[in-house]
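Given next are the chains, with one letter for each unit.
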Amino acid sequence: MDWITTVDHKKIAVLYLWAGGLFFGIGGFEALLIRWQLIKPMNNFLDAQTFNELITMHGTTMIFLGVMPIIFALMNAVIPLQIGARDVAFPFLNALGFWTFLFGGLLLNLSWVMGGAPDAGWTAYTPLSSTTYSTTHGVDFYTIGLQIAGLGTLIGGINFLATIITMRAPGMSFMRMPMFAWTTFITSAIILFAFPAITVGLVLLTFDRILGANFFVVGGGGSPVLWQHIFWIFGHPEVYILILPAFGIISEVIPTFSRKRLFGYSSMVFATILIAFLGFMVWAHHMFTTGLGPVANALFSVSTMLIAVPTGIKIFNWLFTMWGGQVRFPTANLFAVGFIPTFTMGGVTGVMLASAPADFQFHDTYFVVAHFHYVIVGGLVLGLFAGLHYWWPKMFGRMLSERLGKWTFWTFILGFHLTFFLQHFLGLMGMQRRVFTYLPNQQFDLLNLVSTIGAGLMGVGMIIFLVNIYLTSRRPADAAADPWEDGRTLEWTIPSPPPEYNFKQTPLVRGIDAFWKEKTAGHKAMTPAEPVGSIHMPSATILPFLMSVGIFIAGLGFMFSRDEFRSPLTGFLFNNYVVTAIGLLITFGSMLARSLFDDQGWHIEPEELEGR
Amino acid sequence: MRITGQAVKRLLPVTVFCGFLLAGCGREDLSVLRPQGPAAESSFGLMKLSISIMIVVLLIVFSIAAYVIIRFRRKAGQNEIPEQIEGSFKLEVLWTVIPLILVIVLAIPTVKAVFAAGDDHANDKDAIKVKVTGHQYWWEFEYTDYGITTAQDLIIPAGKDIAFELTTTDVLHSFWVPSLSGKMDTNPDGTTNRFSFSAPNEGVYRGKCAELCGPSHGFMEFKVKSVSEEAFQEWLGKMKAPVAVLPEDPALAEKFRAQCLSCHAVGDQNDIGRGPNLTGIGSRESVAGILLNDETGVEGASVEENLKTWLRDPESVKPGNRMPNPKDLGLSDTEIDGIAEYLANYKLD
Ligand code: HEM
Ligand SMILES: [Cu+2]
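With an unreviewed UniProt entry as reference, chain B is termed Cytochrome c oxidase subunit 2, source organism Paenibacillus donghaensis. Per UniProt, chain B has the following entry under Function (unreviewed entry): "Subunits I and II form the functional core of the enzyme complex. Electrons originating in cytochrome c are transferred via heme a and Cu(A) to the binuclear center formed by heme a3 and Cu(B)." We quote the UniProt Sequence similarities (unreviewed entry) comment for chain B here in full: "Belongs to the cytochrome c oxidase subunit 2 family."

In the nomenclature of an unreviewed UniProt entry, chain A is known as Cytochrome c oxidase subunit 1 of Paenibacillus donghaensis. Per UniProt, the comment on chain A under Catalytic activity (unreviewed entry) is "4 Fe(II)-[cytochrome c] + O2 + 8 H(+)(in) = 4 Fe(III)-[cytochrome c] + 2 H2O + 4 H(+)(out)".

A. Examining the pairing of strand β6 (residues 173-177) of chain B more closely. Residue and element names in this part refer to chain B. The buried fraction of β6 amounts to five of the five residues, a majority that puts the element mostly inside the structure. On β6, burial covers both faces: H173, F175 and V177 on one face and S174 and W176 on the other are all buried. Sheet topology note: the β6/strand β7 (residues 181-186) ladder contains four bridges and is antiparallel. In the sheet register, V177 faces β7, and the bridge partner there is S181. From the end of β6 to the start of β7, which pair antiparallel, there are three residues. Alignment of β6 against strand β9 (residues 203-209), held across two bridges, turns out to be antiparallel. Residue pairing across strands places F175 opposite C209, the latter belonging to β9.

B. Quick peek at the coordination of the iron atom of ligand 1. Residue and element names in this part refer to chain A. Within the first shell, the iron atom of ligand 1 binds the protein through H58 (NE2) and H373 (NE2), at distances of 2.0 to 2.1 Å. Around the iron atom of ligand 1 sit six donor atoms, and with donor-metal-donor angles ranging over 86 to 180 degrees the site reads as octahedral. With H58 in helix α3 (residues 48-82) and H373 in helix α13 (residues 366-396), this residue pair connects regions lying 315 residues apart in the sequence.

C. Highlighting the interface of chain B and chain A. With 90 residues of chain B in contact, the opposing surface of chain A contributes 91 residues. When the two sides are added together, the surface that chain B and chain A hide from each other amounts to roughly 7700 Å², 71% of it contributed by carbon and sulfur. Looking at the side of chain B facing chain A, the largest losses of area belong to R74(B), W95(B) and L212(B), adding up to 10% of the total buried there. Joining chain B to chain A, the criterion identifies two salt bridges. The interface formed by chain B and chain A includes 29 residue pairs in polar contact (both at pLDDT 80 or more). Element by element, the count of residues in the side of chain B that touches chain A is highest for helix α2 (residues 38-71) of chain B, at 16 residues. Considered class by class, the residues forming the side of chain B that touches chain A number 51 nonpolar, 22 polar and 17 charged.

D. Spotlight on helix α7 (residues 224-258) of chain A. All names here are of chain A. With 35 residues, α7 extends 51 Å between its outermost C-alpha atoms, agreeing within 8% with the 51 Å of an ideal straight helix rising 1.5 Å per residue. If you look at α7, its biggest bend is around 30 degrees, right at W232. One or two steps after α7, the chain reaches R259, where phi turns positive at roughly 55 degrees.

Conventions adopted
Residues numbered from 1 in each chain as written. Chains lettered and ligands numbered in written order. Predicted model: local features only at pLDDT ≥ 70, side-chain atom pairs only at ≥ 80, totals over all residues. Heavy atoms only, no water. UniProt positions renumbered as here; feature names shortened; annotations may be inferred. Buried < 20%, exposed > 50% of the residue type's maximum accessible area, 1.4 Å probe, protein only. Helix = DSSP H or I, 4+ residues; strand = E, 2+ residues; numbered from the N terminus. Pairing = 2+ DSSP bridges. Donors = N, O, S within 2.8 Å, 3.2 Å for Na, K, Ca; no water. Tetrahedral: all angles 85-135°; square planar, octahedral: opposite > 155°, others 65-115°. Contact = heavy atoms within 4.5 Å. Buried area = accessible area lost by both parts, 1.4 Å probe. Salt bridge = Lys/Arg side-chain N within 4 Å of Asp/Glu carboxyl O. Polar contact = N/O pair within 3.5 Å; in protein donor to acceptor, adjacent residues only side chain to side chain. Nonpolar A, V, L, I, M, F, W, Y, C, P; charged D, E, K, R; others polar. Expected span 1.5 Å × (residues − 1). Bend = angle between axes of the 7 residues up to and from the residue.

Okay, structure coming up:
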């Protein structure tokens, strides 16, 4: 119950972590099934339809329900601490964002047991995703599930923007903000601009499917290419929503374990902003073969290549942060240092893909599969691992086992390269992606076999990580406030795990890497910016949970509103939008309750603060 | 910059090695790395250029990474605080400008090639015009200047430019012959695509559908058969001969006409185009695009065997395809075998 009603950013972070972990596990399991099917030519372990459902759900789950929530988990756990705040700007909305994400994700995954998962690829290109060619409710689960989950992301993004703009500790100017806070800020801005596009796209597709509209139907004057534009205007920035937080994490972990400040801080900030900006200008590089014509292809080619410049700045800055430092390699830093060459390899193939005439060959082949896994897994997932190992003691008060951590790192990264490096060659040798099997004698057999073995090894790495978490959770919570001893930012100035109110007194920030600055000045703690006083806390509430349950019910009701039911009662309830109405009633009822009953929250008094 | 010097020295053999590696990669009739025509050559040229630049970048990054990891590892008892360097304007400008130059080096030939690839030969009198139509899950090829239609095997004269017009009757597909050219999507009417390629060398090339189009997307293959000019003219002549060859047995012929020709066409018989045109199917490279015809049985089976496999249960060959099972159309096993035999012998050469 405590967990359902909480509005504390630290608990919401844990909720995001478990929910994201669950979906990541589901997506990973789906990946292993896919790889098992491809282990040899003409395999019949899975049938074609199931395979298409698996790739669709694997992609969708990983992107929207797997890694995004884990990013949000770290942001929630760390950002208020890093900027010296007591919570996010809107704790109630924070909880709402989590619950809508969770219920959206659950709705999407319900499709497995309710008559067919989506099967048109995570990009859901029309007309394949229209009711004519995708006849189950699969794609409805996709549009409505993602719509609900996306609502949560948008809420979260806005919340972080507000938090970072308004709640930084005294003295923390933007140019003194830790890099992870910066990338969170920029990421949230991208979310703010990119998610409305997919929201609109999903609404249009829902209308096409459920209400018989014609936005993407050629016969009715619509255009399938329009869907691709809408999807990628969201979809490309989405890639930066994923990778920028990883950049932020790496920029925190490497300086800490090199005992040096980040090299070229201001150029890092500038590069982040530039990447975000360019990220919006390049969506059509996913559509070179759609037939946009040479002018568009040339423009989008060149603008895409330009992204290599700010990305390069970042990579060299990280390397030169270590230069002249004293580099230690606990697991967190292993992942961070492993990130650099791995991500660079993904970036490099990205530039190759940007060259449109070459992309005519790369597009929709295993070369692309290799590229985006290098960026997403070799970049983001390694970054998340670095971040999780780094902040685990702060979040849970316990140090993860270093020995198991090193095993996780080596099995995972070896498995990763084994799986995906060879896929570049598979693509170049003529293997297209999203194929449920392939004919023998095309020289694809051996490479696919090795690739599957690598995927198994990555699975082993994940299991070791889970074992590590389990064993750690049974040990006493005795992590020091600054367990890595070289912590540079504000989160390391308070106990691990932090008290409910984070900072007894808001700290005064006197420079970049505020804590490090105090330490080198010989101080043990931050100088407070205020006297000890009564702290105002928001009340726990079940309303965000109820609101999300309502949306979930409404979504289900709407989805089945055109179906024929055997039982007349169910038929009546669904076909007359009664179920939808009940769901919306719950949601709007909760909203009404929220606005009518003014909740003042509660206070932690100074005596209590001193008492602990 | 001692490190970059090293990298450059190491680079040469690596590039040469990669060149060999790439050239040995994959089948000649299928691999992007073994281009057999100018369009694929052009893509491959850009790929070689970009990979060379990128290998230089990778080597620099890897060398610096290796150097700092080894050189600046924290040693036991090392406790003095390292100097907290803010950054270096010169260095940061350096790694902004160098990538920018590399990008320009790649961007110029890219833009050139983009415009060259935009040349579709649609108005070229010498080019052969072919309208390609994607269907779930087969390919239709209409030679608009000659009024003939075929399926699965695209016959082209070696060395001639082929001007394609691409479209689809159902979902999106993508037309791709890796060793001859990059891919192009088949969109529905209104956004019809055009492009062109040529195959200087005679031979059979494997083509694929590259856009997810349903369960049998992976099986939506086809062959491009590049033949001499004379052979091409001869083939055209036979395709244009109006009379269809029908089964000799009148009863079987009637069955065939009633059940099969409601979707398919042979010669002048029927022209609906709901299923692949079957004229001369006995001399094609494959049945259904994926059952390879090979009398020796090394890479497939004989045409007749393949036809039997297909006709006995199309669904098991290509899941989700739109042809009804002949048994459900009322054909007995002997009739199916009879039709398979007839089709296998319906050759153009
Ligand atoms: C655990 C390791 C993973 C393995 C072994 C794996 C494997 C695969 C495979 C075999 C495919 C199908 C390729 C195709 O035929 O199109 C695929 C597709 C995909 N994967 Fe992964 N994957 C892994 C992790 C991830 C992660 C962490 C993400 C993102 C966060 C991700 C994102 C995607 C996406 C977006 C697709 C495309 C789906 C589509 O075509 O609709 N994968 N993956
Ligand atoms: Cu296809």
